[in-house]
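What follows is the residue order along each chain.
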Amino acid sequence: MLYDIKLNLHYDYAAAAGGGRHQVRVMPQTIAGVQRVIAASLSFQPPPAERADFSDFFGNNVTSIAFREAHETLDIRMSARVSVSRPEPGLDVSPDIGGLRSELDMVRSLSPSAPHHFLAASDHVGIDQAITTYARESLASSVVATATDLCNRIHRDFAYDGKATTVQTRASDAFALKRGVCQDFSHIMIAGLRGLGIPAGYVSGFLRTIPPKGKPRLEGADAMHAWVKAWCGRDAGWQEFDPTNGMRASNDHITVGYGRDYSDVAPIVGVLKTTGGQVGEQAVDVIPVVAEKV
């Protein structure tokens, strides 16, 4: 699939900000065998006094910006053309939980993709006994089967509610509410898998949404999305699951970044020199590109 993606983040400040420094993670990345960024651009209004582009530890595209002059608003605009071609899930060659522990013991690497980074508690995801008990009901004959069942159960048992949580909500709180958004469902699944000893991480990106039959696609109606990656053993490697929709990640999932949880891949983090609050808006368009007939 070939997509044109447009993202606009807009912030209004209650009082003019006298300065600020931020890190922005919204640019899709090229992933061998899965995704290729053909072209991309990222712009800011007002233009920052400083800008630096780099990759973080997990290989995510990061843009660091700094402002010195007073400003009352901030607009972040990203556009990209991305080709996605995920391989179809093959035979389940993942071990059971006992076999996974043995395979984990054999991994000596601490590279960014090493599973050891994704086993312990992180900012938004604790090892919660209630979530582990819930996840244990999904234990199956293989890690892939366990993760698939947990993904499907979260989709079935939790209600999507955009007003129930915030970006600060932890997995344990969303689990108690039994409702939330894609970030919350991903954190719950990550907590459950880690509680079982399965390495799991957070994936930030975009999801193509398809309007109801006969209805036009609404511009700006799409939003940034989140799903889960789970390390399923030496042979199966990392597999991706979307608990919000009860499915494996597909060609409709466009990856921006990977991390231990939301805090590693938040679209924007930073500090402002101001005396008031702020209000933010997000608009995303994920548009399939239809090849012209020759």
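No experiment lies behind these values; they were computed from the predicted model shown.

1. As for the overall build of the protein
From N to C terminus, the protein includes six helices and 15 strands. For a compact globule of 294 residues, the expected C-alpha radius of gyration is about 19 Å, and the protein comes in at 20 Å, within 12% of that figure. Within the protein, the fraction of its 294 residues that count as buried is 47%. Residue pairs in contact within the protein that sit at least 24 positions apart in sequence constitute 75% of those at least 6 positions apart. Per element, the accessible surface of the protein, about 14,200 Å² overall, is 52% carbon and sulfur. The distance from the centre of the 29 positive side-chain charges to the centre of the 32 negative ones in the protein is 2 Å.

2. Topic: the packing of aromatic side chains
Tallied over the full model, the rule gives nine aromatic pairs. Between F118 and W238 the ring centres are 5.2 Å apart and the planes differ by 80°, which places this aromatic pair in the edge-to-face class. Of this pair, F118 sits in the loop between α1 (97-105) and α2 (129-136) while W238 sits in strand β11 (residues 238-242); the two residues are 120 residues apart in sequence, bridging distant segments of the chain. What makes W238 partly exposed here is its relative accessible area of 24%. Their ring planes at 65° and their centres at 6.3 Å tell us that Y160 and F185 sit as a pair that is edge-to-face. With a gap of 25 residues between them, Y160 in strand β7 (residues 159-160) and F185 in helix α5 (residues 182-195) connect regions that are remote in the sequence. The class for F185 is buried, based on a relative accessible area of 3%. Ring-pair connections join several aromatic residues into one group, and the members of that group are Y134, F158, Y160, F175 and F185.

What counts, and at which threshold
Residues numbered from 1 in each chain as written. Predicted model: local features only at pLDDT ≥ 70, side-chain atom pairs only at ≥ 80, totals over all residues. Heavy atoms only, no water. Helix = DSSP H or I, 4+ residues; strand = E, 2+ residues; numbered from the N terminus. Rg over C-alpha atoms; globule rule 2.2 N^0.38 Å. Buried < 20%, exposed > 50% of the residue type's maximum accessible area, 1.4 Å probe, protein only. Contact = heavy atoms within 4.5 Å. Areas by Shrake-Rupley, 256 points an atom, 1.4 Å probe, with all protein chains shown as cover. Lys, Arg positive; Asp, Glu negative; His and termini not counted. Charge placed at Lys NZ, Arg CZ, Asp CG, Glu CD. Phe/Tyr/Trp six-rings, centres within 6.5 Å; stacked < 30°, edge-to-face > 60°.

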